[in-house]
Amino acid sequence: MDALREYSSLTLELPTQVLLTAIVILADWIASNQDFFPLLPLSTLYQPPAPDEQVTARRLAAGWAQLDLPPRWTPQPFTADIGTAIHDRFGLHGARPVQEAAVRVATMQPEPGLLIIEAPMGEGKTEAALLAAEVLAARTQADGCFIALPTQATSDAMFDRVAHWLDHLPGRVDGAHLSVRLAHGKAHLNDTFDGLVRKGYVGSIGEGDHEALVAHRWLSGRKKGVLASFVVGTVDQVLFAALRSRHLMLRHLALAGKVVVIDEVHAYDVYMSQYLHRTLHWLGAYRVPVILLSATLPSARRAQLVAAYESGRGGDHPTNDADTGYPMVTGSGVPAHQVVASRPSTSVILRRLPDDLDSLVTYLRAQLAEGGCAAVIRNTVTRVQETAQRLAEEFGAEHITVDHARFLSCDRARIDRSLVATFGRSSANRPDLHIVIGSQVLEQSLDVDFDIMVSDLAPTDLILQRIGRLHRHDRPRPKPLVQAECALVGVDDWASEPVIPVRGSRRVYGLYPLLRSAALLGTRAAVELPSDIPDLVEKAYGTDDVGTSAWQPALRTARAAAERSQRDRAAAAQGFLLGEVGPPNRDLVGWVSAGVGDLDDDPQGRAQVRDGEESLEVLVVQSDRHGGLLTPSWIERGGGRQIPLDLAMPKSLARVIASCSLRLPLALSHGGVIEETIKALESNCFPSFQQSPLLEGQLVLVLDENCQSRLRLSSGEFELTYDPAWGLIHERR
């Protein structure tokens, strides 16, 4: 008690108070864990033994040994030749200019701080960030890294790459294992991470792949999992540091001792950016090195990110963010470094096609006459499915792959693995003819490479991201496809002034960025990548007029509507946004008052830091002819297993069912029907599900033997059909 009174009387900066409080919480959790420190026998209740220092010391030693936390990673000064390091860490030959520049800037910074790496798609930004993280960790004695990405799919793809890096990372004490964590709601579906979890639980370390890594059993769960030394996860896990919630100080502790890497920083809208800016503010206050990655970052956006970070540090090491070219590496306190691209600019032909499917079929038949691999990217799942159905009729279903967000989680994981294996850098069995029809899931972080592309009109930077999947790797291509080409669709009439984007695209992105994109790209014959990227992105997000005079009235009206929407969304983000560090005498009293509550319910927190349409996630099972339930018959692992209805659910079976989660379409989850949909699904209530911690409280969608189900709402009856190749299809009857 004397120590507590002394602690409470200290005058400490708020960040220090936060971290000390987090450490006290962890110490309490460890000390009160009966697995580590068993309770005394009940017989001692009325006659407890007298305190004995030797007994206490033995209990402490035994408990600490049982906990068996992995030792700290000790980062090593980066002294190797960068080309040698690239080969040793990643198995690649030769360092690219952006990688050399990232290491150089990280080394030159007066005090490790913010590093922004801007380079085109496929230029090796990930490897540049990891090498720079080694430098910054050695300079600050950070004991790990937190790598954040936009989606679960991109996090999964990154986890394997990071695990390979960690296998070859120096700094392990006496060969000790590094603790790692994949941080998102579907982490158990990742084969690499799931294997590490099982190794961590059974203690059979040192066998098989990734021998240097372990997913420690105590560092599990959403509260403690992010405390592992190395974490790969969705950006939500970082943005939670700016969300007022219980045990928030543990989130801060998880970030404070690491180097934080955030990929695709251009991808976060105005709502999420409020949380990103506040997180950067706190990371600056903790003096945490931060590395931001982007291929398409407007200068105004870069300035906002810099200002947010420096506001936490007191602005004492401003970043020189003057534009000096592209690619570019910017660091706190040092001049920005322009980088020479590793390859000369590539010309990508731009075409505009009518939006009907007949025109699309005619175009693809001509372009793929001698074979090739094409990507067709749509902005809505409905357009993906309509397009896939027609192209399957024309080219054969065996030549079609569909990828969008309305698949079971386990099916999405299977599809993503297949795409990378088939169309990635190391693909050995690239088909002679294939068409991938996907939604926006194809534009972010998946290392896939196509010969030709058709894309719905989207904001300019996203079009450039999509084009980055064209001719991404050096490989032989069919003669008609040696020149990269992207055809734009998704406009009612390209000759109109202004053009009118299709309704679904307007709903997803808003009219204003689509009009600016159409004005910039609608008459261009080609784009040069990467040399055209900075100019196009600046014009897309600038305020100068684009398009002809006939476009200006529509652009002014759309801009006013977009600015109103941005103000409203920025204001909406303030509800649970954590305050700034504040004056030196500020304390923790009321720090997270009126917060969102406990983030153990991950969807609740994710809904607070992401601004989007409400969605419902369900678990999908099948009924059998006897009135029982089965796991979906088509899934790779555990398909067709009988599910108990009343008896306890085996853990292995619960994991299979949890992997069969699915997000329902907007038609069943928008504000006007969501309560009815929930009520209709709540009739599928099974005692065995409620007895399982993994499944308790989840909504269940039961498909019949034909993979169909009906939901009756006041607005009509919906027929749902699930196809493993096409995903969930819904029709109103």
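Residues numbered from 1 in each chain as written. Predicted model: local features only at pLDDT ≥ 70, side-chain atom pairs only at ≥ 80, totals over all residues. Heavy atoms only, no water.

## As for the sheet that holds strand S15 (residues 485–489)
Strand order in the open sheet made by the seven strands is S12-S13-S11-S14-S15-S10-S16, with mixed pairing throughout. The open sheet terminates on both sides in strands that have one partner only, identified here as strand S12 (400–403) and strand S16 (526–529). Strand-to-strand twist of the sheet, defined as the mean angle between neighbouring strand axes without regard to direction, takes the value 20°. Of the pairings in the sheet, the one linking S12 to strand S13 (residues 433–438) comprises four bridges and is parallel in character. In the sheet register, Ile-400 faces S13, and the bridge partner there is Ile-435. Across the face of the sheet, helix H16 (residues 409–423) comes into contact with strand S11 (372–377), S12 and S13 while running at roughly 130° to S12. (Pairing = 2+ DSSP bridges. Helix = DSSP H or I, 4+ residues; strand = E, 2+ residues; numbered from the N terminus. Axes fitted to C-alpha atoms, helices over the stretch in contact; angles between N-to-C directions. Contact = heavy atoms within 4.5 Å.)

## Focus on the nonpolar core
Counting 97 residues, the largest nonpolar core has Leu-364, Leu-391, Leu-408, Ile-435 and Ile-467 as the members making the most contacts within it. Considering each element in turn, this core owes the most residues, seven residues, to helix H19 (residues 511–521). Apart from residues no more than four positions distant in its own chain, Leu-391 is found in contact with Leu-360, Val-361, Leu-364, Val-376, Gly-396, Ile-400, Ile-435 and Ile-437. Counting residues in hydrophobic clusters, the runner-up holds 53 residues, among them Phe-240, Ala-241, Leu-255 and Val-581. (Core = buried A, V, L, I, M, F, W, Y, C linked by side-chain atoms within 4.5 Å. Buried < 20%, exposed > 50% of the residue type's maximum accessible area, 1.4 Å probe, protein only.)

## With respect to the packing of aromatic side chains
This model, assessed by the stated rule, comprises seven aromatic pairs. Ring centres of Trp-282 and Tyr-286 lie 6.0 Å apart, and the angle between their planes is 40°; on these two criteria the pair is classed as tilted. By the burial criterion, Trp-282 is buried, and Tyr-286 matches it. Ring centres of Phe-423 and Phe-450 lie 5.2 Å apart, and the angle between their planes is 40°; this geometry places the pair in the tilted category. On the criterion of sequence distance, the pair formed by Phe-423 in helix H16 and Phe-450 in the loop between S13 and strand S14 (452–456) is long-range, its members being 27 residues apart. Take Phe-423 and Phe-450: they sit in the same class, and that class is buried. Chaining the aromatic ring pairs together yields one cluster made of Trp-73, Trp-165 and Phe-230. One residue, Arg-365, lies across the ring of Phe-395, its end atom 4.9 Å from the ring centre. (Phe/Tyr/Trp six-rings, centres within 6.5 Å; stacked < 30°, edge-to-face > 60°. Lys NZ or Arg CZ within 6 Å of the ring centre and 35° of its normal.)

## Here we look at a nonpolar patch on the surface
A cluster of nonpolar side chains, namely Leu-42, Leu-45 and Tyr-46, defines an oily patch on the protein surface of about 450 Å² accessible area. Using a relative accessible area of 76% as the deciding quantity, one classes Tyr-46 as exposed. (Patch = residues over 30% accessible without salt bridge, like charges linked within 9 Å, V, L, I, M, F, W, Y side chains within 5 Å. Areas by Shrake-Rupley, 256 points an atom, 1.4 Å probe, with all protein chains shown as cover. Salt bridge = Lys/Arg side-chain N within 4 Å of Asp/Glu carboxyl O.)

## Structural notes on the packing of helix H5 (residues 97–108) against helix H6 (residues 125–140)
One way to put it is that H5 packs onto H6 with a least axis distance of 8 Å and a crossing angle of 15°. Here H6 runs roughly parallel to H5, going by the angle between their axes. Crossing angle aside, the handedness with which H5 passes H6 is right-handed. Contacts from Val-98, Gln-99, Ala-102, Val-103, Ala-106, Thr-107 and Met-108 in H5 reach Glu-127, Ala-128, Leu-131, Ala-132, Val-135, Leu-136 and Arg-139 in H6. For the contact of H5 with H6, the residue count by class is ten nonpolar, two polar and two charged. (Parallel < 35°, antiparallel > 145°, perpendicular 65-115°, else oblique. Left-handed = near helix turned anticlockwise from the far one by under 90°. Nonpolar A, V, L, I, M, F, W, Y, C, P; charged D, E, K, R; others polar.)

## Digging into the sheet that holds strand S22 (residues 708–713)
Across the sheet, which stays open at both edges, the three strands sit in the order S22-S23-S24 with antiparallel pairing between neighbours. Every interior strand has two partners, whereas the edge strands, S22 and strand S24 (727–732), have only one. Looking at each pair of strands side by side, their axes are set apart by 20° on average, direction ignored.

## Focus on unusual backbone geometry
Omega for the bond connecting Glu-497 with Pro-498 falls within 30 degrees of zero, at -5°, which places this linkage in the cis form. Tracing the backbone through its elements, the reader meets Pro-498 in the loop between S15 and helix H18 (503–509). In this structure, Pro-530 follows Leu-529 across a cis peptide bond, with omega equal to 10°. Structurally, the position occupied by Pro-530 is in the loop between S16 and helix H20 (533–541). One non-glycine residue with positive phi stands out, namely Cys-707, at about 65°. Counting through the fold element by element, Cys-707 comes out in the loop between strand S21 (699–703) and S22.

## Here's the deal with the pattern of salt bridges
According to the stated counting rule, one finds 35 salt bridges in the structure shown. Between Asp-449 and Arg-475 there is a salt bridge whose closest N-O contact spans 2.6 Å. Residue Asp-449 is found in the loop between S13 and S14, and its partner Arg-475 is found in the loop between helix H17 (460–467) and S15; the two are separated by 26 residues along the sequence. Judged on exposure class, the residue Asp-449 and its partner Arg-475 are both buried. Taking the shortest distance from any N to any O, the salt bridge between Glu-731 and Arg-733 comes out at 3.6 Å. Glu-731 gets classed as partly exposed once you look at its relative accessible area, which sits at 37%. Judged by relative accessible area, Arg-733 falls into the exposed class, the value being 52%.

## A short note on the side chain of Arg-469
Here Arg-469 shows up in the loop between H17 and S15. Looking at Arg-469, its side chain comes within polar contact range of the main-chain oxygen of Gln-465, at 3.4 Å. (Polar contact = N/O pair within 3.5 Å; in protein donor to acceptor, adjacent residues only side chain to side chain.)

## What to know about the pairing of S14
With respect to burial, S14 is a largely interior element, five of its five residues being buried. Covered by surrounding structure in S14 are Ile-452, Val-454 and Asp-456 together with Met-453 and Ser-455, the residues of both alternating faces. In this structure, S14 lies alongside S15, joined through four bridges in parallel fashion. Residue pairing in the sheet places Asp-456 in a bridge with Val-489 of S15. As a crossover connection, the stretch from S14 through H17 into S15 is right-handed. (Right-handed = clockwise from strand over helix to strand, strands pointing away.)

All quantities given are derived from atomic positions and should not be read as evidence of function.
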